Protein chains: 2
Amino acid sequence: MLKFDEEKQIASVQGALALRGRIEAIVDDICRAGFKNICWLGIGGTYASCLQAEVHMKERSTLEFFVENAAEYLTTGNRRVGEGTVVVISSVTGSTIEMVDAVKKAQADGARVLGFIDVETTELAKRMDWEIAYPANEQLKFFMVADRLMFRHGEFPEYEEYYAQLDAHLAVDLAEVEKAADAFGLAFAQKHHDDKLHYFVGAGNQYGSTYSYAMCYWEEQHWIRTKSIHSSEFFHGMLEIVDRDTPVTVFVGEDSQRPLSERVVRFLPRVCANYTVIDSRDYALPGIDERFRGNLSHLVTHAVTQRIDAHIEAINCHPMEIRRYYRRLDY
Amino acid sequence: MLKFDEEKQIASVQGALALRGRIEAIVDDICRAGFKNICWLGIGGTYASCLQAEVHMKERSTLEFFVENAAEYLTTGNRRVGEGTVVVISSVTGSTIEMVDAVKKAQADGARVLGFIDVETTELAKRMDWEIAYPANEQLKFFMVADRLMFRHGEFPEYEEYYAQLDAHLAVDLAEVEKAADAFGLAFAQKHHDDKLHYFVGAGNQYGSTYSYAMCYWEEQHWIRTKSIHSSEFFHGMLEIVDRDTPVTVFVGEDSQRPLSERVVRFLPRVCANYTVIDSRDYALPGIDERFRGNLSHLVTHAVTQRIDAHIEAINCHPMEIRRYYRRLDY
C-alpha cells in the first residue's frame, strides 16, 4: 500500500495515547490550582484543531472555554485572556511567527500556556509553562486535555472506560480503516485529482477537519482549489451554485451534529451527480463502544483522506512536501 | 445610477439610527436587571452579522459574549445559554426554520431574546421578549445594541459623541460612497461577472461581511462560485493556489485587524495580476471622526459592493431575487 507503514503508524498513535499520564498530571495540577477559562489558540491547521476541541467540549461542558486565532488575538486582543487563563497550543515546528508572538502576548497578559511543541529545542517550546514534545496526533492530544478537564469537572464520567478502549484498540483500528479505505481512496483520487474546484462540507468535529483538509492538504499540498463550508451553512448560499457536475464531498461524523450533514447528503442527489459521502460509520472500530464513536469520527475520516492524499500525490506527480510560497517568500 | 434611490436609501439608514431610543430603553432595562452573558445567534447571513458584532465587542469589552450558529445550537447545544442569557437575533422574514427552533430552545433553556424581526406579524416576532421591526440595516442594529451594552459597562465612553456624528452624517455619507464607487463597481463587474471562481479575503468587522458577500450575494444571488477566507488564514494554505490569473478581492477595513489585510495586499502583487483591493479608507465620511471610522468600515465597503452587484446583475441578466433551490425545494 502506497505511503503506508503500518507498524510506524500504529506506534505513532499508541505513543500519543501513552502521553496521557503526563497530560493527566498537568491537567490535574491546573484543576487543583484553579483556573478562570481555557483558550484554545491556533492558526491555520492548528486553529482548525482548536475548533474541533471546542465543539467536542461544547457537547458536554459548562467550563468557560473558547477558541482564538493567533493573528486575530495579536491585533484585536481578547480581554478574557489574562490571569487564570490556560492557553492550549500545538505546533509542529515551533517557529510559526503568529504563534510565537501570541504566546508572548498571552503570557504578558497573565495567562499560562500548555504546549505540544514537537521540536523541544525551539524558543517557543522553552516558553511553555507545560510542554509535551511528541510528533503528530494533534487532535488526540487536544482531546485528551479536553477530556481530562471535563472528567475533573464531573462532565466525562466514562473517562476511564473510554480511554481503556482507546489504549487497547484505537491505533490498530485506525490502521485497519486506512487499509479498508485504500481502494476508495484510489478511485476518488482518479476521479478528482484534476478538479478545478472541489467543495468540502462537514459539521461537528468534522468541521475543523473539513476546513483544514481543504486548506492544508488540497490547497497547500496538492495545489488544488477548494471551498469548505459548514453543513449548517451549506443551505444558506452555497447550495445555489451546485449543479450536476459540481464536485462536492460531505464528511459525515457520528457526533451531535451528524443530522446537519445527513441533511446535505439527502439533498445532494436531487441536484448533483458528482458528490461523494465519506461517513465514519462505514468503518468498523472493533473494541470501541458505539457511544464513543462520535468522539473519534474525525480520526476515522482522517484515516480515509490519508488514502486519497497518497493516491493524488502519485497521480499528479506533485510531492506533498513542496510549497510554492509558504516559508519560501517573506511576507 | 442603476438601482439606486438616493432618497429612499438615506431614509432607510436614518430610520435605523432613529431606533436608538428604543434600543437604549431595552438595553438599559437589561443592564439594570442584570444578565450573565450575551449570545449573538444567527445562521447564514445573520450568522455573519453576529461575527461582526463579536469582533467589534472583542476590541473593547470584558463582558461575556459569544456567537452561536442556530443549527449547531439545535444539535450540539450550548451550556452557557440559560438563565441570565440575552440572545440577540435578526431575521428579515421571521420564517427561517433554524432560527425559529433555536429561539424556542433558548427560551426553554431560560434565555430571553431581543429580536429585530422585520415582519412583526410572524410567530417568531411574537415570541420575542423584546421586538423591534424595521427593515434592513442589520449590522447597524446589532452594533447599536453592542455599543449601548458597552457604554453601560463603561467601555464605550465616546458613545454620545459617536452617535451624534452618525445621526448627523452617516446616512448621507454612505449614499455618497455609493455614488463615488459606481464607476469602480461597473469596471469590476465588467471584469469579473463571468469568473469561474472568485476569492474574497477580509479581517476584523470585514470578515463577516466578506463571508456573507461571497455566500449570500455571489453564490446565492449571482450564482457565481466563491471562496471567502480570513486574512489571517490566507497565509496558511490558500496562498498556494493563487497564481497570475486568480481573481482575488481583499476587503480592507480600518479596525484593529487592518494590518492582517494589509499583509495580504502587500503579498498579492508578487504572485497575482488579477487582484482588487477594496479599502474603506479610500472613501470620505465627512463629519465623522477618523477614530470612529474603524467601526463603520464594513458599511463603507458594503456601499461599494452594492454598486458591483447592481452592475453584475445587469450584465449577467440574472435578477438577484431568483433562487434555484433555496425555499423552492424541501430539504
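Model, not experiment: these values are computed from the prediction.

What counts and how
Residues numbered from 1 in each chain as written. Chains lettered and ligands numbered in written order. Predicted model: local features only at pLDDT ≥ 70, side-chain atom pairs only at ≥ 80, totals over all residues. Heavy atoms only, no water. Pairing = 2+ DSSP bridges. Helix = DSSP H or I, 4+ residues; strand = E, 2+ residues; numbered from the N terminus. Contact = heavy atoms within 4.5 Å. Axes fitted to C-alpha atoms, helices over the stretch in contact; angles between N-to-C directions. Buried area = accessible area lost by both parts, 1.4 Å probe. Salt bridge = Lys/Arg side-chain N within 4 Å of Asp/Glu carboxyl O. Buried < 20%, exposed > 50% of the residue type's maximum accessible area, 1.4 Å probe, protein only. Core = buried A, V, L, I, M, F, W, Y, C linked by side-chain atoms within 4.5 Å. 1 Å grid on protein atoms, 1.4 Å probe; cavity = no way out; pocket = protein on both sides within 12 Å on 5 of 7 lines; lining within 4 Å. Points joined across faces, edges and corners; volume = space filled by probe spheres on them. Nonpolar A, V, L, I, M, F, W, Y, C, P; charged D, E, K, R; others polar. Phe/Tyr/Trp six-rings, centres within 6.5 Å; stacked < 30°, edge-to-face > 60°. Lys NZ or Arg CZ within 6 Å of the ring centre and 35° of its normal.

Asker: Quick question: what am I supposed to make of the sheet that holds strand β2 (residues 65–69) of chain B here?
Answerer: Each strand in a sheet pairs with another by means of backbone hydrogen bonds, the pair being arranged parallel or else antiparallel. All names here are of chain B. Reading across the sheet, the five strands line up as β2-β1-β3-β4-β5 and stay open at both edges, with parallel pairing between neighbours. One side of each edge strand has no neighbouring strand; the edge strands of this open sheet are β2 and β5 (130–131). Where strand β1 (residues 37–42) lies against strand β3 (residues 85–91), four bridges are found, and the strand directions are parallel. Directly across from Cys39, in β3, lies its bridge partner Val87. Sitting on the sheet, helix α7 (residues 138–152) is in contact with β1, β3 and β4 (112–117), with an inclination near 160° to β3.

Asker: Hey, could you run me through the interface of chain B and chain A in this one?
Answerer: Much of the literature gives interface size as the accessible area that the parts lose upon coming together. Opposite the 64 residues of chain B that make contact, chain A presents 63 residues. For the pairing of chain B and chain A, the buried interface totals around 5,800 Å² over both sides, and the portion due to carbon and sulfur atoms is 51%. Among the residues of chain B in contact with chain A, His236, Glu240 and Tyr331 of chain B are the three that bury the most area, contributing 14% of the side total. Taken together, the connections running from chain B to chain A amount to eight salt bridges. For Glu219 of chain B, the salt bridge is made with Lys227 of chain A, and the minimal N-O distance between the two is 2.7 Å. Considering every element that reaches the side of chain B that touches chain A, the biggest residue donor is helix α11 (residues 258–271) of chain B, with six residues.

Asker: Before we go on, may I ask you to explain the environment of Leu19 of chain B in this structure?
Answerer: Residue and element names in this part refer to chain B. Tracing the sequence through the fold places Leu19 in the loop between α1 (6–17) and α2 (20–33). The class for Leu19 is buried, based on a relative accessible area of 6%. Put simply, Leu19 and Val271 are 252 residues apart on the chain and 47 Å apart in space, counted from C-alpha to C-alpha.

Asker: Sorry if this is basic, but what is going on with the nonpolar core here?
Answerer: Most often, soluble globular proteins keep nonpolar side chains buried together rather than apart. By size, the foremost hydrophobic cluster in this structure holds 176 residues, and its most contacted members are Trp40, Leu170 and Phe234 of chain A together with Trp40, Leu170 and Phe234 of chain B. Residues contacting Leu170 of chain B, with those up to four places away along its chain left out, are Val13, Leu17, Leu140, Gln165, Ile288, Leu296 and Leu299 of chain B.

Asker: I keep staring at empty space enclosed by the protein and nothing clicks. Help me out?
Answerer: Using a probe with the size of a water molecule, rolled over the atoms, empty space left in the structure can be pinpointed. Residues and elements named next belong to chain B. Applying the stated criterion across every chain yields a total of five cavities of 30 Å³ or more. Looking at the second largest cavity, its volume works out to about 50 Å³. In this structure, the second largest cavity is lined by Gln139, Leu140, Phe143, Asp147, Tyr162, Tyr163, Leu166, Asn295, Leu296, His298 and Leu299. Of all the secondary structure elements, the ones that give two or more residues to the lining of the second largest cavity are α7, α8 (159–192) and α12 (293–316). In terms of residue class, the lining of the second largest cavity is built from seven nonpolar, three polar and one charged.

Asker: I tried to follow the packing of aromatic side chains on my own but got confused; where do I start?
Answerer: A complete count under the given rule lists 48 aromatic pairs over all chains for this structure. Judged by centre distance (6.2 Å) and plane angle (40°), the ring pair of Tyr207 of chain A and Tyr211 of chain A falls under tilted. Highlighted residues: Tyr207 of chain A and Tyr211 of chain A, both in helix α9 (residues 205–222), separated by four residues, approximately one helical turn. By relative accessible area, which is 12% here, Tyr211 of chain A ends up buried. Above the plane of the ring of Trp223 of chain B lies Arg324 of chain B, whose end atom (NZ or CZ) is 4.2 Å from the centre.

Limitation: the analysis is restricted to geometry and does not speak to function.
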